[in-house]
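Coordinate inspection notes
Each chain, written out:
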Amino acid sequence: TLKVRPRSRADVVTISKLCSIENAYRDGSLLVYTEPYLMNSLLPYITSMERVTIPIAATAKMATTVNEFTETWSAYPTWSVFDSTMKGFTSAHPNLCRLDTIGYTNKGKPLYFMHISGSNYSTEAKPKVMYVSSIHGNELTGCILMCRLIDDMLSKYNTNSIDGARITRLLDSLDIWIMPMNNPDGTYPTSDNNALNAKRTNYRGKDLNRDFPEQYTDPVNTTTGRQIETAAMMNFVKGKNFTLSANFHNGTVVVNYPWDALEDGSSSEYIAHNCADSTWFVDLSNVYASNNIDFSSSKDFEGGITNGAYWYTVYGGRQDWIYSFHNCRETTIELADVGIQDSAELVRQWSINRESLLLYLEQALFGFHGKVSDENGNPLAATITLQEIDANHILSDSTTGFYARLTHPGTYNVICSKEGFTSDTLRNATLKIGERIAHDFILKESRTHTEERTESSIFAVSQDGFLILRGLPTGESDVEIFSVLGERCLSFEGLICESGNVLLPLTHLQSGAYYGRLKFAGKFYSFRFVVHS
């Protein structure tokens, strides 16, 4: 770990691509993690460099039994204690939760997700929410908080108290997934009985929060070439249609919202990129930060929140990936300055974070909710677009037809569309703070497949690694390419068409069926094509 000072703000972007930035300080210096053989590559972009030793809290201790861990939640578990604790939740509350293993690490440890849902483990259509912690193995406060949150929810469900009523409503209204430990090989690098020597990276020395696809430098949403933990997460999220999520870190105290990455350009001037939902993300971040004294009293970040790229750029982070490719709203929540805190501090962390953790999840209950089906009641995977924020759509669930579009209060036209069906619009719907507007869409199947493109006869065909589009309107347009599961694979902005034809590269697309959406002059046109091997 090094503390470096970049030559300019623009050099932060380059440094971020050479190594993992762990923190950016008010004086302009950066805390970075890099392999020794890469240190020389930093020299052209920095004015100073010094080695930094990250201290371990003096009174951090390990819990060697489940009772020792769960009685006070003031120690870090050995691997066997963590494993037994997670399994114990399911055996004690089989009607409320299930333990899902989404994959295994390089050293064979299971990657556990606790799936919690009330109403006798109901599978009815409702928002899916996700908490993930400790993607960096030595940032463990969130791991303890997640284990304790699971215990708190399961033990208070259906209890006769105000708190019990709140938890019951939360579990009955949401489909909750919690992963306390995303990188167990990093947490237990030398011994399964000791997390106090934990390291940031996985077994192969890779920072997992720099390993995801990302819209500017790595825009193909494929597991090829990813670390085993990253691939497991990508495969897990695929098709789940999550509405809201957060990932928990240590390193400072702040809620960080998208975007984390910046588009490359020739200008050396730093420009923070706002995402389409930035106003809502600020509201969401404030919900967490304003209810936590450590965040709200921050001297480094106003209100305890920040735009990610404004703080420092991250390429390959899961926050941008899940928002860009899976339409799920996620923030990165940094809980504390120290990765492995004093054991006594873990109790305080619960007391100041519990309310924020619950309030954050409750935000998934607001916005526009409903189901999409055809005239026979069959659920449809359709695109839900807000005409006023058309840069980021969501998809309804292919199994249940459920959708939840979270957004800032205001008046919207909510458009539901699917190729082969006539689009429908909920017009001039005014959403208030803390409100949920329920609206189901029933789409009528088109008699012909040309009704969706009556204003344009777009023809699409793939050939020799390229996509040929004909019949485009004259002028500037944007094109997005999606898989049949609704994952965005490619995007092209600012296409200039003068002849009606455009040739686009289909970089890395595998064989299969795809569909596309072209935006021109505020209107959308769809097309389909097949990539052959």
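Structure's up top.
Read on for a plain summary of the structure.

Cut-offs and rules
Residues numbered from 1 in each chain as written. Predicted model: local features only at pLDDT ≥ 70, side-chain atom pairs only at ≥ 80, totals over all residues. Heavy atoms only, no water. Helix = DSSP H or I, 4+ residues; strand = E, 2+ residues; numbered from the N terminus. Rg over C-alpha atoms; globule rule 2.2 N^0.38 Å. Buried < 20%, exposed > 50% of the residue type's maximum accessible area, 1.4 Å probe, protein only. Contact = heavy atoms within 4.5 Å. Areas by Shrake-Rupley, 256 points an atom, 1.4 Å probe, with all protein chains shown as cover. Lys, Arg positive; Asp, Glu negative; His and termini not counted. Charge placed at Lys NZ, Arg CZ, Asp CG, Glu CD. Pairing = 2+ DSSP bridges. Salt bridge = Lys/Arg side-chain N within 4 Å of Asp/Glu carboxyl O. Core = buried A, V, L, I, M, F, W, Y, C linked by side-chain atoms within 4.5 Å. Polar contact = N/O pair within 3.5 Å; in protein donor to acceptor, adjacent residues only side chain to side chain. Phe/Tyr/Trp six-rings, centres within 6.5 Å; stacked < 30°, edge-to-face > 60°. Lys NZ or Arg CZ within 6 Å of the ring centre and 35° of its normal. Axes fitted to C-alpha atoms, helices over the stretch in contact; angles between N-to-C directions. Left-handed = near helix turned anticlockwise from the far one by under 90°. Nonpolar A, V, L, I, M, F, W, Y, C, P; charged D, E, K, R; others polar.

What follows covers the overall build of the chain. Within the chain, the secondary structure is distributed over 14 helices and 30 strands. What you see for the chain is a C-alpha radius of gyration of 24 Å, in line with the 24 Å of a compact globule of 533 residues. Per-residue burial for the chain yields a buried fraction of 57% across its 533 residues. Residue pairs at least 24 apart in sequence account for 69% of intrachain contacts in the chain once pairs closer than 6 positions are excluded. Accessible area for the chain stands at about 22200 Å²; split by element, carbon and sulfur atoms hold 47% of it. Here the chain holds 46 positive side-chain charges and 60 negative ones, and the gap between their average locations is 2 Å.

A few words on the pairing of strand S9 (residues 128–133). Counting buried positions along S9 gives 6 out of 6 residues, so the element sits mostly inside the fold. Of the two faces of S9, the one carrying Lys128, Met130 and Val132 and the one carrying Val129, Tyr131 and Ser133 are both buried. Sheet analysis places S9 next to strand S10 (residues 175–179), joined by 5 bridges and oriented parallel. Bridge pairing links Val129 to Ile176 in S10.

What follows is about the pattern of salt bridges. Scanning the model with the defined rule gives 20 salt bridges in all. Of the charged contacts, one joins Asp83 and Lys87 as a salt bridge, the two residues approaching to 3.0 Å between their closest N and O atoms. Highlighted residues: Asp83 and Lys87, both in helix H4 (residues 79–92), separated by 4 residues, approximately one helical turn. On the accessibility criterion, Asp83 (13% relative accessible area) is buried. Here the salt bridges share partners, and the residues they tie into one network are Glu22, Glu139, Arg200 and Asp207.

Core analysis: the biggest nonpolar cluster contains 69 residues, and Ile116, Tyr131 and Met153 have the highest contact counts within it. Excluding residues that lie within four positions of it along the chain, Tyr131 makes contacts with Phe113, Met146, Leu149, Trp177, Ile178, Met179, Ala246, Phe248, Leu357, Tyr360 and Leu361. If you look at the next biggest cluster of nonpolar residues, it comprises 24 residues, including Leu467, Leu506, Phe520 and Val531.

Those residues of helix H1 (residues 11–18) not exposed but buried are Asp11, Val12, Val13, Ile15 and Ser16. The inward-facing, buried residues of H1 abut strand S1 (2–6), strand S2 (20–24), strand S3 (30–33), helix H2 (39–42) and strand S4 (46–51).

This next bit is on the side chain of Gln341. Mapped onto the elements, Gln341 comes out in the loop between strand S14 (329–334) and helix H14 (343–362). Within the local environment of Gln341, its side chain forms a polar contact with the side chain of Thr141, the two groups lying 2.7 Å apart.

Moving on: the environment of Ala198. Within the secondary structure, Ala198 is located in the loop between helix H8 (184–187) and helix H9 (228–237). In the structure, Ala198 is positioned 136 residues away from Met62 in sequence and 12 Å away in space, judged by C-alpha atoms. In this structure, Ala198 is in contact with Gly137, Asn138, Gly186, Thr187, Pro189 and Ile340, ignoring residues within four places of it in sequence.

Secondary-structure assignment places Ile389 in strand S17 (residues 389–395). Taking the C-alpha atoms as reference points, Ile389 and Asp277, 112 residues apart in sequence, are found 7.6 Å from one another. Aside from chain neighbours lying at most four places away, what touches Ile389 is Ala276, Asp277, Arg405, Thr407 and Tyr412.

Another aspect to go through is the pairing of strand S18 (residues 402–405). Looking along a regular strand, one sees the side chains alternate between the two faces of the sheet. Residues Phe402 and Ala404 point to one face of S18 and Tyr403 and Arg405 to the other, with burial holding for every one of them. Bridge analysis of strand S15 (residues 367–374) against S18 gives 4 bridges, and the strand direction is antiparallel. Its bridge partner being in S18, His369 is matched across the sheet by Ala404.

It is worth spelling out the packing of aromatic side chains at this point. One pair of aromatic rings is described through two measures. These are the centre distance and the angle between the planes. Applying the stated criterion across every chain yields a total of 22 aromatic pairs. Between Tyr131 and Tyr360 the ring centres are 6.0 Å apart and the planes differ by 45 degrees, which places this aromatic pair in the tilted class. Taken together, the residues span a long stretch of sequence, with Tyr131 in strand S9 and Tyr360 in helix H14 at a distance of 229 residues. Relative to Phe295, the ring of Tyr288 has its centre 5.5 Å away and its plane inclined at 70 degrees; by these criteria the two rings are edge-to-face. Here the two residues Tyr288 and Phe295 agree in accessibility, since each one is buried. Through a chain of ring-to-ring contacts, the aromatic side chains of Tyr131, Phe248, Tyr288, Phe295 and Tyr360 assemble into a single cluster. For the cation-ring pair, Lys17 lies above Tyr315, with the distance from its terminal atom to the ring centre recorded as 4.9 Å. Above the ring of Trp79, the side-chain terminus of Lys109 is found at 5.7 Å from the ring centroid.

Pairing is antiparallel in the open sheet, where 3 strands are placed in the order S24-S25-S28. Lying at the two open borders of the sheet, with one neighbouring strand each, are strand S24 (459–463) and strand S28 (501–505). Within this sheet the neighbouring strands show an average axis-to-axis angle of 20 degrees, counted without direction. Note that strand S25 (residues 466–470) and S28 share 5 bridges and pair antiparallel. Residue pairing in the sheet places Leu469 in a bridge with Val502 of S28.

It is worth spelling out the sheet that holds S2 at this point. What the 4 strands build is an open sheet, ordered S2-S3-S1-S4; its pairing is antiparallel. The open sheet is flanked by S2 and S4, the only strands paired with a single partner. The mean angle between the axes of side-by-side strands here comes to 30 degrees, regardless of whether they run parallel or antiparallel. In this sheet, S4 lies alongside S1 in antiparallel orientation, the contact comprising 5 bridges. Note that in S4 the partner of Leu2 across the bridge is Arg51.

All right, on to the environment of Thr105 then. Counting through the fold element by element, Thr105 comes out in the loop between strand S7 (97–104) and strand S8 (110–116). A relative accessible area of 4% places Thr105 in the buried class. In this structure, the C-alpha to C-alpha distance between Thr105 and Tyr403, residues 298 residues apart in sequence, is 33 Å. Excluding residues within four positions of it along the chain, Thr105 makes contact with Leu111, Pro184, Asp185, Ile228 and Glu229. Side chain to side chain, Thr105 and Asp185 meet in a polar contact 2.9 Å long.

Packing of helix H6 (residues 141–156) against H14 brings their axes to within 10 Å, and their N-to-C directions diverge by 65 degrees. Handedness of the H6/H14 crossing: right-handed. Here Thr141, Ile144, Leu145, Met146, Arg148, Leu149, Asp152, Met153 and Lys156 of H6 come into contact with H14, specifically with Leu346, Val347, Gln349, Trp350, Asn353, Arg354, Leu357, Leu358 and Leu361. Considering only residue class, the contact of H6 with H14 consists of 11 nonpolar, 3 polar and 4 charged.

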